[in-house]
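Structural description and commentary
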Amino acid sequence: MPLPPGAIALCASDALRDGGLAVPFEVLHEGVPNRAFAVRHEGQVAAFLNRCTHVAMELDWQPNRVFDASGEWLICASHGAIFHPTSGECMGGPCNGGLVRIALLEQDGQVWWLPDAHTVAPEVAAGDD
Ligand code: FES
């Protein structure tokens, strides 16, 4: 199946294990540089801005550790807000709405992310190629 135009390679499929460490990547969201992360839960991949909806902080204190001890929920290390690992919906704690989701596509052992009107690849600095 052809990839949608603009798809950006993120990681190999086996870099994302169920309930395991997230794979980070950089985006521009509404023109602002942000970190984002991808995870896998029950076989499905999902990605979100790494920005809690309680306070605009990154979820992980230990790099890429965004799942709780059960491996079932995403948790913000700051004050314990809990999010659904594939929808990003707020499931408990002090969150104020769900995480901002970034569309992913998994195909032939590779995971791709799909920019949209709000979230795009960081600009490549001049001479940075
Ligand atoms: S900053 Fe995430 S729960 Fe407070």
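Residues numbered from 1 in each chain as written. Predicted model: local features only at pLDDT ≥ 70, side-chain atom pairs only at ≥ 80, totals over all residues. Heavy atoms only, no water.

Once that is clear, we can look at the overall build of the chain. What the chain contains, in helices and strands, is 0 helices and 10 strands. Each helix and strand of the chain, placed in order from N terminus to C terminus, yields the pattern β-β-β-β-β-β-β-β-β-β. Here the C-alpha atoms of the chain give a radius of gyration of 14 Å, agreeing with the 14 Å that 2.2 N^0.38 yields for 129 residues. By principal-axis analysis of the C-alpha atoms, the chain measures approximately 40 × 30 × 25 Å. Classification of the 129 residues of the chain by burial places 41% in the buried group. (Helix = DSSP H or I, 4+ residues; strand = E, 2+ residues; numbered from the N terminus. Rg over C-alpha atoms; globule rule 2.2 N^0.38 Å. Buried < 20%, exposed > 50% of the residue type's maximum accessible area, 1.4 Å probe, protein only.)

Here the focus is the pattern of salt bridges. A complete count under the given rule lists 3 salt bridges for this structure. We note a salt bridge from Glu58 to Arg35, for which the minimum N-O separation is 3.1 Å. Note that Glu58 is positioned in the loop between β4 (44-49) and β5 (74-75) and Arg35 in strand β3 (residues 32-41), a separation of 23 residues in sequence. For Arg35, a relative accessible area of 28% translates into the label partly exposed. Arg40 is the partner of Glu106 in a salt bridge, and the nearest nitrogen-oxygen pair spans 2.7 Å. Here the residue Glu106 occupies a position in strand β8 (residues 101-107), and Arg40 occupies one in strand β3, the gap between them amounting to 66 residues. Residue classification places Arg40 among the buried residues on the basis of a relative accessible area of 9%. (Salt bridge = Lys/Arg side-chain N within 4 Å of Asp/Glu carboxyl O.)

The next point concerns the state of the cysteines. Scanning all chains against the criterion turns up 1 disulfide. In this model, Cys90 is linked to Cys95 through a disulfide, with the two sulfur atoms separated by 2.0 Å. The sign of the 65° torsion about the S-S bond sets the Cys90-Cys95 disulfide as right-handed. Looking at Cys90, the relative accessible area reads 26%, which means it is partly exposed. The exposure class assigned to Cys95 is buried, which follows from its relative accessible area of 14%. (Disulfide = S-S within 2.5 Å.)

What follows concerns the UniProt feature "domain: Rieske" (unreviewed entry) in the chain. Per the UniProt record, "domain: Rieske" (unreviewed entry) is annotated on residues 8-113. Secondary structure content for residues 8-113 is 0% helix and 43% strand, and the end C-alpha separation is 5 Å. (UniProt positions renumbered as here; feature names shortened; annotations may be inferred.)

Once that is clear, we can look at the sheet that holds β5. The 3 strands lie next to each other as β5-β6-β7, forming an open sheet whose pairing is antiparallel. Edge strands, defined here as strands with exactly one partner in the open sheet, are β5 and β7 (90-92). Across 2 bridges, the pairing between β5 and strand β6 (residues 82-83) is antiparallel. Across the sheet, the residue bridging to Leu74 is Phe83, located in β6. (Pairing = 2+ DSSP bridges.)

Glancing now at a nonpolar patch on the surface. A contiguous nonpolar surface patch, about 320 Å² in accessible area, is contributed by Val55, Met57 and Trp61. Summarising the element assignment, Met57 is placed in the loop between β4 and β5. (Patch = residues over 30% accessible without salt bridge, like charges linked within 9 Å, V, L, I, M, F, W, Y side chains within 5 Å. Areas by Shrake-Rupley, 256 points an atom, 1.4 Å probe, with all protein chains shown as cover.)

Before going further, it helps to spend a moment on the sheet that holds β4. Overall, antiparallel pairing links the 7 strands, which are arranged β1-β9-β8-β4-β3-β2-β10 in an open sheet. In this open sheet, the two edge strands, each paired with only one partner strand, are β1 (8-12) and β10 (119-120). Two strands pair when backbone bridges link them, and strand β2 (residues 23-29) and β10 are joined in this way by 2 bridges, in the antiparallel orientation. Bridge assignment links Leu28 to a residue of β10, and that residue is Val120.

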